[in-house]
Amino acid sequence: MNILNLAEKIINGFRLERCVDNEFLLTSELDELRKGADMIRRKFCGNEIEMCSIVNGKSGRCPENCKFCAQSAHNAASVEYYDFLDENKIAEECRYSESKGVSRFSVVTAGKNLNENDFKKSVSAYKKISGGKIKICASHGLLTEEQFRELKKSGVSRYHCNLETSRRFFPNICTSHTYDDKIKCIQLAKKCGLSICSGGIIGMGETWDDRIDMAFELAKLQADSIPINVLIPVKGTPFGDLKKISEDDILRTSAIFRFINPTADIRFAAGRALMADLGEKAFRSGMNAMITGDMLTTTGSTIDRDKEMIDKLYSNST
């Protein structure tokens, strides 16, 4: 398989399918695969990296049993607990990100969904922060169609719900809700006019086939933004002692997702701090977006530092 020829075919409209043999994605020389992914990225996304910042809107004591999550009440990780943030605090965080030139801002809450009172608080907060230059996103678990319509009216333009992994591997990381629950949530959000941010986590013990299956599932769902998180093992969670995956595996994953989802925003989320260059190589391997600032329970990079990296990365690009 000539990877660069395949990249040109994808640029001209060809799309990979899961029903055929995709082993070449794993056996191709990594530098060639990265180069092909970068060609596709430049064609469909240009040389701009979209930055998104997030605020942890409700932390800890989550009843779901996701094995990777420090906020799960089923795990023994040490994490701060607090109820839904005051809307003025949310507005302060949003305006700061906007002043720094960040494109998107999202409120993320722990839990399977929001109770009625917290949902009302979220709507009030979104009404307060919408209307500016920054685009508003939300991540509140498995909501109803009526709630999605209310979020849309309040100024939210995109909804986030990670698949996390493949359908096959999902029961190994969570049993308190299902993969189909996730799919239904995404489909309802799309039905209500929201764009979709959905991706997953790599480094949880899944196989390459699991990663490829997730990439194809996201293509089927037509996800607009695909965040790729690299597991940061947290003590007190069942995955706390897992070995961190290699930089080469991160870069190959990035390139594979770009080949399968050529027009989506492939977003580097958690885990950039595990890389020597804070993920700079990933943005030459198919990625074109990032989450900037602090993550939910693990430290990310600062907005100013990320802007410097972006300026350096593409300053000499055409």
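Not measured: the values here are computed from a predicted model.

### Overview of the packing of helix H4 (residues 87-99) against helix H5 (residues 116-129)
Move 1: Their axes nearest at 9 Å, the elements H4 and H5 cross at an angle of 40°. Here H4 is positioned oblique relative to H5, judged by the angle of their axes. As for the relative orientation of H4 and H5, their crossing is right-handed in sense. Side by side, H4 and H5 meet where Glu 87, Asn 88, Ile 90, Ala 91, Cys 94 and Arg 95 of the first sit next to Ser 124, Ala 125, Lys 128 and Ile 129 of the second.
Move 2: Of the residues assigned to the contact of H4 with H5, the class counts are five nonpolar, two polar and three charged.

### Re the packing of helix H3 (residues 30-45) against helix H9 (residues 247-260)
Move 1: The interhelical angle for the contact between H3 and H9, taken along N-to-C directions, is 45°, at an axis separation of 9 Å. Considering their axes alone, H3 and H9 lie oblique with respect to each other. Where H3 crosses over H9, the two elements pack in a sense that is left-handed. Of H9, the residues touching H3 (which contributes Leu 30, Leu 33, Arg 34, Gly 36, Ala 37, Ile 40, Arg 41 and Cys 45) are Asp 248, Leu 251, Arg 252, Ala 255, Ile 256, Arg 258 and Phe 259.
Move 2: Looking at the contact of H3 with H9 residue by residue, the class counts come to nine nonpolar, one polar and five charged.

### Looking at the nonpolar core
Move 1: One finds Phe 148, Leu 151, Tyr 159, Phe 259 and Phe 283 to be the most contacted residues of the largest nonpolar core, which totals 92 residues.
Move 2: Residue contributions to this core peak at seven residues, all from H9.
Move 3: Other than its neighbours up to four places away in sequence, Phe 283 contacts Asp 38, Arg 41, Ile 49, Phe 268, Arg 272, Asn 288, Ala 289, Met 290, Met 309, Leu 313 and Tyr 314.
Move 4: Judged by nonpolar contacts, the second largest core, of five residues, contains Ile 54, Val 108, Ala 269 and Ile 291.

### Topic: the pattern of salt bridges
Move 1: Summed over the entire model, instances satisfying the criterion amount to 22 salt bridges.
Move 2: Among the ionic pairs, Glu 93 bridges to Lys 89, the shortest N-O distance being 3.3 Å. Here the residue Glu 93 and the residue Lys 89 both occupy positions in helix H4, the gap between them amounting to four residues, near one helical turn.
Move 3: Glu 93 sits in the partly exposed class, given a relative accessible area of 27%.
Move 4: By relative accessible area, which is 34% here, Lys 89 ends up partly exposed.
Move 5: Between Glu 145 and Arg 149 there is a salt bridge, and its shortest N-O distance comes to 2.9 Å. With Glu 145 and Arg 149 both in helix H6 (residues 145-153) and four residues apart, the pair spans about one turn of that helix.

### A look at unusual backbone geometry
Move 1: A positive phi angle, near 55°, is found at Gln 222, a position not held by glycine.
Move 2: Along the chain, the position of Gln 222 falls in the loop between helix H8 (208-221) and strand E7 (225-230).
Move 3: What makes Gln 222 exposed here is its relative accessible area of 57%.
Move 4: Non-glycine residue Leu 278 carries a positive phi angle of around 55°.

### Some remarks on the pairing of strand E2 (residues 104-109)
Move 1: Of all six residues in E2, six are buried, a share of seventy percent or more.
Move 2: With six bridges connecting them, strand E1 (residues 50-58) and E2 associate as parallel partners. Bridge assignment links Val 55 to a residue of E2, and that residue is Val 107.
Move 3: Taking the sense of rotation as the criterion, the β-α-β connection linking E1, H4 and E2 turns out right-handed.
Move 4: Bridging between E2 and strand E3 (residues 135-139) involves five bridges; their strand directions are parallel. By the bridge assignment, Ser 106 is partnered in E3 with Cys 137.
Move 5: With H5 bridging E2 and its parallel neighbour E3, the resulting β-α-β unit is right-handed.

### A closer look at the pairing of E1
Move 1: Summarising burial for E1: nine of the nine residues are buried, a large majority.
Move 2: Where E1 and strand E9 (residues 289-291) come together, three bridges link them in parallel fashion. Bridged to Cys 52 within E9 is Ile 291.

### Let's talk about the side chain of Ser 225
Move 1: With respect to the helices, strands and loops of the structure, Ser 225 is situated in strand E7.
Move 2: A distance of 3.0 Å separates polar atoms of two side chains, one belonging to Ser 225 and the other to Arg 267.
Move 3: Apart from residues no more than four positions distant in its own chain, Ser 225 is found in contact with Arg 158, Ile 196, Cys 197, Ser 198, Asp 265 and Arg 267.

Scoring rules and cut-offs
Residues numbered from 1 in each chain as written. Predicted model: local features only at pLDDT ≥ 70, side-chain atom pairs only at ≥ 80, totals over all residues. Heavy atoms only, no water. Axes fitted to C-alpha atoms, helices over the stretch in contact; angles between N-to-C directions. Helix = DSSP H or I, 4+ residues; strand = E, 2+ residues; numbered from the N terminus. Parallel < 35°, antiparallel > 145°, perpendicular 65-115°, else oblique. Left-handed = near helix turned anticlockwise from the far one by under 90°. Contact = heavy atoms within 4.5 Å. Nonpolar A, V, L, I, M, F, W, Y, C, P; charged D, E, K, R; others polar. Core = buried A, V, L, I, M, F, W, Y, C linked by side-chain atoms within 4.5 Å. Buried < 20%, exposed > 50% of the residue type's maximum accessible area, 1.4 Å probe, protein only. Salt bridge = Lys/Arg side-chain N within 4 Å of Asp/Glu carboxyl O. Pairing = 2+ DSSP bridges. Right-handed = clockwise from strand over helix to strand, strands pointing away. Polar contact = N/O pair within 3.5 Å; in protein donor to acceptor, adjacent residues only side chain to side chain.

No statement about biological role is implied by the geometric values presented.
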